[in-house]
Amino acid sequence: MAGRPAGAATTNAPPGAQRCINLACGATYGLRERVQLCPRCGETLEIVCGLPASADPELMRKQWTSRRARRAWSDDPRDLSGVWRYLEMLPFANDAPFVTLFEGNTPLFDAPRSAAYCGLLRLRLKHQGYNPTGSFKDTGMAAAMTQAVIAGARTAVCASTGNTAASLAAYAARCGLEAAILLPRGQVSPPKLAQSLDYGALVLEIDGNFDVCMRLVQELGEDPSIYVANSINPFRIEGQKTIAFELIEQCQWRVPDHIVVPGGNMGNSTALGKGFQELFDLAMIDRLPRLSIIQAEGAAPLARLFARLDFNRQRGGEDIPEKLEPVENPQTLATAIKIGAPVSWKKALRAVLRAQGQIISVSEQEIADAKAMIGRDGIGCEPASAATVAGIKKLAAAGQIARNDDVVAVLTGHALKDPDYMIGYHEGTLSLTSVGTKAHESFAGTFRNPPRRVAATKAAILSSLERQRSA
Ligand code: F0G
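All chains use their own residue numbering, which begins from 1 and follows the written sequence. Local features in a predicted model are, by the rule used here, given only for residues with pLDDT of at least 70; side-chain atom pairs are given and counted only at 80 or more, and totals for whole chains, interfaces and linings are based on all residues. Values shown for side chains rest on all heavy atoms present in the structure; no hydrogens or waters enter the calculation.

**Brief notes about the packing of helix H5 (residues 163-175) against helix H6 (residues 190-198)**
Phase 1 of the analysis: Here an angle of 0 to 180 degrees is reported between the N-to-C directions of two axes, which are lines fitted to C-alpha atoms, with helices fitted over the stretch in contact. Helix and strand assignments come from DSSP, with helices taken as H or I runs of at least 4 residues and strands as E runs of at least 2, each series counted from the N terminus. Interaxial distance between H5 and H6 falls to 8 Å at its minimum, and their mutual angle equals 20°. Classed by the angle they form, the pair H5 and H6 counts as roughly parallel. Here the hand of the crossing between H5 and H6 comes out left-handed. Within the contact between the two elements, H5 uses Asn 163, Ala 165, Ala 166 and Ala 169 and H6 uses Lys 192, Gln 195 and Ser 196.
Phase 2 of the analysis: Here the contact of H5 with H6 is composed, by residue class, of three nonpolar, three polar and one charged. Note on terminology: angles under 35 degrees are roughly parallel, angles over 145 are roughly antiparallel, angles of 65 to 115 are roughly perpendicular, and the others are oblique. Put simply, a crossing is left-handed when the front helix is turned counterclockwise from the back one by less than a right angle, and right-handed when it is turned clockwise. Any two residues whose heavy atoms approach within 4.5 Å are treated as being in contact. Under the convention adopted here, Pro, Cys and the residues Ala, Val, Leu, Ile, Met, Phe, Trp and Tyr are nonpolar, Asp, Glu, Lys and Arg are charged, and Gly plus all remaining residues are polar.

Below, the structure written as structure tokens:
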């Protein structure tokens, strides 16, 4: 691995701090302090950005619009990157060594077939799979790697189900840091493994699931040479919260009624919740969109906890339960969210409670059919992302989403992460075998579209077409 010379980059210190999310503790640490969890109470940290009192939301809004307009010809990362465009809201100074692959700038699609499938008049899909390495992780990694450079880190490490790995590998390569990636052996899709190898990361295949890899990363983080790049790192969350800013700009500052995201380790939901909250606190939006998280049934520790909450007590998101019962052997074909012990569950739960959303789970069949329907809109995504549309259908059926609500699902990853899943669905061979019980479940492709073998003649092809038209 090529290393960068040791030593921190010199840059002005921006205002702000790292703060423990535990209200009873409330300890704060400087932005430059290398802390993972709160050294005082062990809870996760979040960043409070010190916006100067002179910050004028209207001016910031104009600034963001003009940076976006300069994209066609500028070479300034603040114009080209959908993260650095929002620098005023981030814990970095103007002269920070911005690491970027021009992440963000992702499309917001209208998805009429998926909308009808969910029983809605309209549904929009914010597609984070259009990021440089194919997932939303890139927005967070731009911020985390910039902070790693500022901190003078040598090796960035993460646990991953695939996307974080590819993203870290690329962004670390970009800024000359070493990257070491812990993957659950045999459980990561070949395209993601291939990306990580190609970007030059040290790939370590671990005999254990994601939660085991995550535990090891937290232990490794105690070594001063290691910089942890999972979403437990609050700088990752800062980069990812820009998805909320970009989305609201694309909605021309009209707040959607409902935003729906898939949930695994719970960094993404935390980040979106934080982004919307900050816009609301600055009066840049006049209300919070409802924020809901969808988990896969076989990996749904937070959905289970949510179903048991006492909403009178937890209203406002300030009184969060102390413990989450993990799922020991999470099971789902949506590998990105096959996580039984999410590290950021408290922050995500707080965001959902403040935004009056829901946390529910959906079945493998529901995810597979929703994914095929997103494909029929010409959009496509990886299975974990499709959990959103499956969840929206379920929430609409339960009356939690109204037919004419303005709903946005965040699609988190690119369709080509899991080609075997798609082929399996369309050929009718998609199945899941449980690790413990060895129970085997097969999934019918409700919207199956298998390849047809056809003779090499024009007549045979035309007759195949005819059969398709009249089907
Ligand atoms: N969707 C995709 C495509 C993901 O890759 C992930 C997480 C999630 C959703 C869940 O997001 O963890 O922030 O709640 N993937 C991680 C990884 C775990 O290693 O790539 P979350």
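Picking up where we left off.
**Quick notes on the site of the ligand**
Phase 1 of the analysis: Nearness is judged by heavy atoms alone; a residue qualifies as near a molecule or strand once a single heavy atom is within 4 Å of it. Taken together, 21 residues form the shell around the ligand, and within it Thr 161, Asn 265, Met 266, Asn 268 and Thr 412 come nearest.
Phase 2 of the analysis: At a separation of 2.7 Å, an oxygen atom of the ligand approaches a polar backbone atom of Asn 268.
Phase 3 of the analysis: What qualifies as a polar contact is a pair of N or O atoms within 3.5 Å, subject to a donor-acceptor requirement within protein and to the restriction that residues adjacent in sequence count only when both atoms come from side chains. Within the side chain of Thr 412, one N or O atom sits 2.6 Å away from a nitrogen atom of the ligand.
Phase 4 of the analysis: In short, Shrake-Rupley with a 1.4 Å probe defines the accessible areas, and a residue's cover is counted only from the protein chains shown. Isolated, the ligand exposes 480 Å² of accessible area, and the fraction of that covered by the protein chains is 99%.
Phase 5 of the analysis: Mapped by element, the contributors of at least two residues to the shell around the ligand are H5 and helix H10 (267-281).
Phase 6 of the analysis: In terms of residue class, the shell around the ligand is built from seven nonpolar, twelve polar and two charged.

**A few points about the packing of helix H9 (residues 242-250) against H10**
Phase 1 of the analysis: The interhelical angle for the contact between H9 and H10, taken along N-to-C directions, is 55°, at an axis separation of 7 Å. With respect to H10, the element H9 is oriented oblique. Along this stretch, H9 crosses H10, giving a crossing that reads as right-handed. Note on element contacts: H10 touches H9 through Asn 268, Leu 272, Gly 275, Phe 276, Glu 278 and Leu 279, opposite Ile 243, Ala 244, Phe 245, Leu 247 and Ile 248.

**A closer look at helix H1 (residues 57-69)**
Phase 1 of the analysis: The terminal C-alpha atoms of H1 lie 19 Å apart, and with 13 residues this matches the ideal 18 Å at 1.5 Å per residue to within 8%.
Phase 2 of the analysis: Think of it in three bands: residues with accessible area under 20% of the maximum for their type are buried, residues over 50% are exposed, and the middle band is partly exposed, with areas taken using a 1.4 Å probe on protein chains only. For H1, the complete set of buried residues consists of Met 60, Trp 64 and Arg 67. An end-on view of H1 places all buried positions within 65° of arc, on one side of the element. In this structure, H1 carries Leu 59, Lys 62 and Ala 69 as exposed residues pointing more than 90 degrees from its buried face.
Phase 3 of the analysis: Close packing links the buried residues of H1 with helix H2 (77-80), H9 and H10.
Phase 4 of the analysis: The opening residue of H1, the one whose side-chain oxygen lies 2.9 Å from the backbone nitrogen of Glu 58, is Asp 56. One fewer than the residue count of a helix, multiplied by 1.5 Å, yields its expected span. As used here, the arc belongs to the directions running from the helix axis to the C-beta atoms.

**Some words on the state of the cysteines**
Phase 1 of the analysis: Any pair of cysteine sulfurs within 2.5 Å is marked as a disulfide. Scanning all chains against the criterion turns up zero disulfides.
Phase 2 of the analysis: Free cysteine Cys 49: the closest other cysteine sulfur is in Cys 20, separated by 17 Å.
Phase 3 of the analysis: A relative accessible area of 24% means that Cys 49 is categorised as partly exposed.
Phase 4 of the analysis: There is no disulfide at Cys 158, and the cysteine sulfur nearest it, in Cys 213, is 9.5 Å away.

**Side note on the sheet that holds strand E5 (residues 123-127)**
Phase 1 of the analysis: Spatial strand order, E4-E5-E13-E10-E11-E12: six strands in an open sheet with mixed pairing. What marks the edges here is a single partner per strand, and that holds for strand E4 (108-110) and strand E12 (359-362). The mean inter-strand angle of the sheet, taken between neighbouring strand axes irrespective of direction, is 30°.
Phase 2 of the analysis: Taken together, the three bridges between strand E10 (residues 258-262) and strand E13 (residues 407-411) define a ladder with parallel strand orientation. Paired with His 258 across the strands is Val 407, a residue of E13.
Phase 3 of the analysis: The strands that H9 touches are E4, E5, E10 and E13; relative to E5, the one it contacts most, it runs at about 135°. Should DSSP find at least two bridges between two strands, the strands are taken to pair.

**Remarks on the sheet that holds strand E3 (residues 45-49)**
Phase 1 of the analysis: One open sheet accounts for three strands, arranged E2-E1-E3; its pairing is antiparallel. Where the open sheet ends on each side, the last strands, each with one partner, are strand E2 (28-30) and E3. Taking each pair of neighbouring strands and ignoring which way they run, the sheet shows an average axis angle of 35°.
Phase 2 of the analysis: Inspection of the sheet shows strand E1 (residues 16-20) paired to E3 by five bridges, in the antiparallel sense. Within E3, the position partnered with Cys 20 by the bridge is Leu 45.

**Re the packing of aromatic side chains**
Phase 1 of the analysis: Within 6.5 Å between ring centres, the rings of Phe, Tyr and Trp (the latter by its six-membered ring) count as paired, and their orientation is classed by plane angle as stacked under 30 degrees, edge-to-face over 60, tilted in between. One pass over the structure, following the stated rule, counts nine aromatic pairs.
Phase 2 of the analysis: Each ring, one from Tyr 86 and one from Phe 245, has its centre 5.5 Å from the other, and the planes form 65°; the classification is edge-to-face. One end of the pair, Tyr 86, is in the loop between H2 and E4; the other, Phe 245, is in helix H9, and 159 residues separate them in sequence.
Phase 3 of the analysis: The side chain of Arg 61 reaches across the aromatic face of Trp 253, ending 4.5 Å from its centre. By definition, being over a ring means that NZ of Lys or CZ of Arg is both within 6 Å of the ring centre and within 35 degrees of the ring normal.

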